[in-house]
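A structural walkthrough
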Amino acid sequence: MTTTLAVAGKGGVGKSTLAALLVHLLSSKKKLLLAVDADPNTNLDEKLGVKADTSVGAIREDLSKTMDSLPAGISKPEFITLRIQQAITEGDGFDLLVMGRQEGPGCYCYVNNLLRTILDNIARKYAFVVIDNEAGMEHLSRRTTRNVDVMFILSDPTRTGIMTAVRIKKLAEEMKLGVGKFVLVVNRSGGLPGSLGELASGGGFASLEPIPEDEALCQISEKGLSVADLPPSSPFRKAVERMVSSYT
Ligand SMILES: Nc1ncnc2c1ncn2[C@@H]1O[C@H](COP(=O)(O)OP(=O)(O)O)[C@@H](O)[C@H]1O
Ligand SMILES: [Mg+2]
C-alpha cells in the first residue's frame, strides 16, 4: 500500500519547503519513498540537496519525435518505463522524479496515456509518494495528481489566501481526484484570528495546521541549502514532524 501526500496552494506560500520536509522526515523511516516535483518552475531538488538532470516532460518531447524509430525487440511501454526509471534521481533515503514542463503545443495523447499508467505503476512500488504541485489549480484539471491520501493546501494567514485554499479544495472535489483528506496549512502564523478562523472552518477541511514564521529558513533559501540543514529547534521542522505523526 502506497500512502500519497500532495502539497498545493498559491505561489510562494511554502509548498516546496513543506514537501521537502515531508520527504526528509519520512525518508528516515527507512521505507521506499518517491518525491515528485510537479512544478515546472522546479526547485524541489535543491531543497532536497540533490540535482535532477532530466524530467518526464523532456522525455515526453523526445519520445514524440522518436516514437516511430524505437530500438527493435522492446515494446513501447517497456521502453518508456526504462526511460522514466533512468530519469529518477537517487537521494539520501528517497528517489526524486521531476515532471518538468507539461504538454507542449502538440497533443501526444498516446504517449500521455502511456505515461500516466507507467507513472502509476512506478508509484505503486513505493511506501510513500510526496507530490509538490505547481501554484494555482489549473493543473489539477490535468488529473495527474490522483488518489491522494492527504492533500495539504497551504495558505498565508490572509482572507484571500484562505479563500484560494477553499477554491482549490472545491476544484479537487469537483474533479473527483480521489483525495482522502484535505488539511489546511496556515503558514507563517501561530493560528487564525476570529473571522479568518470562521472562513477556514466553513471550507470543511479535516483539520488546520499552523506553521510559525521560521528565521532559519532565510539562511536555507539564501544559501541554497537543503531542508536537512534545518536545526532540530526549527519551528517549521517541528510543525512538519507533528504532521508526519498525525497523517502517516
Ligand atoms: N514559515 C516560514 N518562515 C519563513 N520563511 C518561509 C516560511 N515558509 C516559507 N518560507 C520562505 O518562503 C519562500 C517561498 O517558499 P517555497 O516553499 O519555495 O514556496 P512555494 O513552493 O509555495 O512557491 C522561501 O524562501 C521559503 O524559505
Ligand atoms: Mg515551489
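Residues numbered from 1 in each chain as written. Chains lettered and ligands numbered in written order. Predicted model: local features only at pLDDT ≥ 70, side-chain atom pairs only at ≥ 80, totals over all residues. Heavy atoms only, no water.

Looking now at the site of ligand 1. The local shell around ligand 1 holds 16 residues, among which Gly12, Lys15, Thr17, Asn187 and Asp214 are the closest. Between ligand 1 and lysine 15 there is a distance of 2.8 Å, counted from an oxygen atom to a side-chain nitrogen or oxygen. When isolated, ligand 1 has an accessible area of 570 Å², and the protein chains bury 84% of it. When contributions to the shell around ligand 1 are tallied by element, the ones reaching two or more residues are helix H1 (15-27) and helix H8 (216-223). Broken down by element, the shell around ligand 1 gets its largest block of residues, three residues, from H1. For the shell around ligand 1, the class distribution of residues is four nonpolar, six polar and six charged. (Near = heavy atom within 4 Å. Polar contact = N/O pair within 3.5 Å; in protein donor to acceptor, adjacent residues only side chain to side chain. Areas by Shrake-Rupley, 256 points an atom, 1.4 Å probe, with all protein chains shown as cover. Helix = DSSP H or I, 4+ residues; strand = E, 2+ residues; numbered from the N terminus. Nonpolar A, V, L, I, M, F, W, Y, C, P; charged D, E, K, R; others polar.)

With that settled, consider the pattern of salt bridges. Taken as a whole, this structure holds seven salt bridges when the rule is applied. Its salt-bridge partner being lysine 51, residue aspartate 45 comes within 3.9 Å of it at the nearest N-O pair. On the basis of relative accessible area, lysine 51 is assigned to the exposed category, the value being 60%. Taking the shortest distance from any N to any O, the salt bridge between arginine 237 and glutamate 241 comes out at 3.3 Å. One end of the pair, arginine 237, and the other, glutamate 241, are both in helix H9 (residues 235-247), four residues apart, so they sit about a helical turn from each other. Note on arginine 237: relative accessible area 14%, which makes it buried. On the basis of relative accessibility, which here comes to 35%, the residue glutamate 241 falls in the partly exposed class. (Salt bridge = Lys/Arg side-chain N within 4 Å of Asp/Glu carboxyl O. Buried < 20%, exposed > 50% of the residue type's maximum accessible area, 1.4 Å probe, protein only.)

Time to look at the environment of valine 179. Along the chain, valine 179 turns up in strand E7 (residues 179-187). Taking relative accessible area as the criterion, valine 179 reaches 18% and is therefore assigned buried. Sequence separation of valine 179 and arginine 146 is 33 residues, and the distance between their C-alpha atoms is 7.3 Å. Not counting residues within four places of it along the chain, the set of residues in contact with valine 179 comprises Val148 and Met151. (Contact = heavy atoms within 4.5 Å.)

Inspection of the secondary structure puts aspartate 229 in the loop between H8 and H9. The exposure class of aspartate 229 is partly exposed, given its relative accessible area of 45%. Separated by twelve residues in the primary sequence, aspartate 229 and leucine 217 place their C-alpha atoms 9.6 Å from one another.

Compared with an ideal rise of 1.5 Å per residue, which puts 13 residues at 18 Å, H1 spans 18 Å between its outermost C-alpha atoms and is within 8% of the ideal. Of all 13 residues that make up H1, twelve are buried, and the element is covered over most of its length. For H1, the set of buried residues is Lys15, Ser16, Thr17, Leu18, Ala19, Ala20, Leu21, Leu22, Val23, Leu25, Leu26 and Ser27. (Expected span 1.5 Å × (residues − 1).)

For the structure on display, the rule yields one aromatic pair. For the cation-ring pair, lysine 169 lies above phenylalanine 205, with the distance from its terminal atom to the ring centre recorded as 5.7 Å. (Phe/Tyr/Trp six-rings, centres within 6.5 Å; stacked < 30°, edge-to-face > 60°. Lys NZ or Arg CZ within 6 Å of the ring centre and 35° of its normal.)

Turning our attention to the pairing of strand E2 (residues 33-38). With six of six residues buried, E2 is to be regarded as a mostly interior element. What you see with E2 is no split at all: Leu33, Ala35 and Asp37 on one side and Leu34, Val36 and Ala38 on the other are buried throughout. Bridging between E2 and strand E5 (residues 128-133) involves six bridges; their strand directions are parallel. What sits directly across from valine 36, in E5, is isoleucine 131. (Pairing = 2+ DSSP bridges.)

Read these as spatial facts, not as claims about activity.
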